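Descriptive structure summary
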Amino acid sequence: MRSGRARLDAAVVQGFYDRMRAVAPAAYGAIERDRADDPGRPFVETACGRLVGSLDPAGLRALGMWAHHWCMRFYDDDTRVGLRLVREIAARPGLGWTADEVRWLLDRSSAAGPAAAHRFTLPVAAAAELPPGALPEGLVDDARPGDWRRLRAG
């Protein structure tokens, strides 16, 4: 594997998209409401914060994957609200990330390229929850060095 490209079973990836599709309408609506709102409002008081508070760990992982994917695809647009959502989910420990989910996130991050400055925020945080050895060491050759050292340390 080179440049973070993960080879995942097509059925696994389809399962990710199915889970993301289930949270996408609420996530998109929350992001749009928060764009029109006060950017300095505490996260828990925002539409995204209320959505996060309503989801179980599996729902939060799906929301994080969707928001990450959305921000990576539209990084040249106004993604401040989406990036705040991604950072908030990345800061939540114990969501039960799987190695396949992390590999998919890393793959999406690598595909986005360096213009998406925060592309490794969620995958590095999620990977930190995996047991040592769950990911191949060379999976993320283009990650920021400090993040990769933290990821490898477990």
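The sections below set out a description of the structure shown in this document. No experiment lies behind these values; they were computed from the predicted model shown. (Residues numbered from 1 in each chain as written. Predicted model: local features only at pLDDT ≥ 70, side-chain atom pairs only at ≥ 80, totals over all residues. Heavy atoms only, no water.)

**With respect to the pattern of salt bridges**
Charged atoms that come close allow side chains of opposite charge to pair. The line we're drawing: Any carboxyl oxygen of Asp or Glu that lies within 4 Å of a side-chain nitrogen of Lys or Arg is treated as forming a salt bridge with it. Helix and strand labels come from DSSP, where a helix needs a run of H or I of at least four residues and a strand needs a run of E of at least two; each type is numbered from the N terminus. Burial here depends on accessible area, computed with a 1.4 Å probe over protein chains only, as a share of the maximum for the residue type. Under 20% is buried, over 50% is exposed, and the range in between is partly exposed.
All told, the structure shown has seven salt bridges when counted by the stated rule. Between Arg35 and Glu32 there is a salt bridge; the shortest N-O distance is 3.5 Å. Of this pair, Arg35 and Glu32 both sit in helix 1 (residues 10-35), three residues apart, which is roughly one turn of that helix. The exposure class of Glu32 is partly exposed, given its relative accessible area of 30%. A cluster of three or more residues bridged by salt bridges with shared partners is formed by Arg19, Arg61 and Glu101.

**Observations regarding the packing of aromatic side chains**
To keep it simple, the criterion reads: Note on aromatic pairs: the rings of Phe, Tyr and Trp (six-membered ring only in Trp) are paired at centre separations within 6.5 Å, and the planes decide the class, stacked below 30 degrees, edge-to-face beyond 60, tilted for the rest.
In the structure shown here, the tally under the stated rule is three aromatic pairs. Ring centres 6.2 Å apart and planes at 70 degrees place the aromatic pair Phe16 and Trp104 in the edge-to-face group. Here Phe16, found in helix 1, pairs with Trp104, found in helix 5 (residues 99-112); they are 88 residues apart in sequence, far enough to count as distant. Ring geometry for Tyr17 against Trp104: centres 5.8 Å apart, planes inclined by 90 degrees, an arrangement best described as edge-to-face. Here Trp104 lies in helix 5 and Tyr17 lies in helix 1, a separation of 87 residues in the sequence. Through successive ring pairs, a cluster of aromatic residues spans Phe16, Tyr17 and Trp104.

**Describing the nonpolar core**
As a rule of thumb, nonpolar side chains are buried together in soluble globular proteins. Let me state the cut-off plainly: Nonpolar cores were defined as sets of buried Ala, Val, Leu, Ile, Met, Phe, Trp, Tyr and Cys residues, with membership established by side-chain atoms within 4.5 Å. The contact criterion used throughout is that any non-hydrogen atoms of two residues lie within 4.5 Å.
Ranked by size, the top nonpolar core spans 45 residues in total, and within it Leu63, Trp66, Leu85, Ile89, Trp97, Val102 and Trp104 carry the most contacts. For this core, the element with the most residues is helix 3 (residues 57-73), which contributes nine residues. The residues contacting Trp97, other than those within four sequence positions of it, are Arg61, Met65, Ile89, Val102, Leu105, Leu122, Ala126, Glu129 and Leu130.

**What to know about the environment of Asp100**
Topologically, Asp100 is positioned in helix 5. The exposure class of Asp100 is partly exposed, given its relative accessible area of 28%. Each C-alpha atom of the pair Asp100 and Val12 lies 8.0 Å from the other, and the pair is 88 residues apart in sequence. Residues within four places of Asp100 in sequence aside, it is in contact with Leu8, Val12 and Phe16.

**Overview of the side chain of Arg61**
One can find Arg61 in helix 3. Contacts of Arg61, omitting those with residues within four sequence positions, involve Arg19, Leu95, Gly96, Trp97 and Glu101.

**Concerning the packing of helix 1 against helix 3**
Convention followed: All axes are obtained by fitting lines to C-alpha atoms, using only the stretch in contact for helices, and the reported angles, taken between N-to-C directions, cover 0 to 180 degrees. Comment on the angle field: the value is read as roughly parallel under 35 degrees, roughly antiparallel over 145, roughly perpendicular from 65 to 115, and oblique elsewhere. Crossings are sorted by hand: turned counterclockwise from the far helix by less than a right angle, the near helix makes the crossing left-handed, and turned clockwise it makes it right-handed.
Look at helix 1 against helix 3: their axes get within 8 Å of each other, and the N-to-C directions meet at 70 degrees. Between helix 1 and helix 3, the interaxial angle falls into the category roughly perpendicular. Handedness of the crossing formed by helix 1 with helix 3: right-handed. Two secondary-structure elements touch here, helix 1 through Phe16, Tyr17, Arg19, Met20, Val23, Ala24, Ala27, Tyr28, Ile31 and Arg35 and helix 3 through Ala58, Gly59, Arg61, Ala62, Leu63, Met65, Trp66, His69 and Trp70.

**Quick look at helix 4 (residues 80-90)**
Taken as a whole, helix 4 has its buried residues at Val81, Gly82, Leu83, Leu85, Val86, Ile89 and Ala90. Buried residues along helix 4 sit in contact with helix 1, helix 2 (47-53), helix 3 and helix 6 (121-127).

**Some words on the layout of surface pockets**
Here is the rule we go by: Definitions used throughout: a 1 Å grid over protein atoms alone; a cavity as a set of points that fits a 1.4 Å probe which cannot get out; a pocket as an open set with protein on both sides within 12 Å along at least five of seven lines; a lining residue as one with an atom within 4 Å of a point. Grid points are joined across faces, edges and corners, and a volume is the space filled by probe spheres set on the points. Basically, the charged four are Asp, Glu, Lys and Arg, the nonpolar ten are Ala, Val, Leu, Ile, Met, Phe, Trp, Tyr, Cys and Pro, and anything else, Gly included, counts as polar.
Considering only enclosed or pocket space, the largest pocket measures out at about 270 Å³ in volume. Asp34, Arg35, Pro39, Arg80 and Val81 are, among the 14 residues lining the largest pocket, the residues nearest its centre. At the level of elements, helix 1 and helix 4 are the ones that each hand at least two residues to the lining of the largest pocket. Among the elements that make up the lining of the largest pocket, the one with the highest residue count is helix 4 (four residues). Classifying every residue of the lining of the largest pocket gives five nonpolar, one polar and eight charged.

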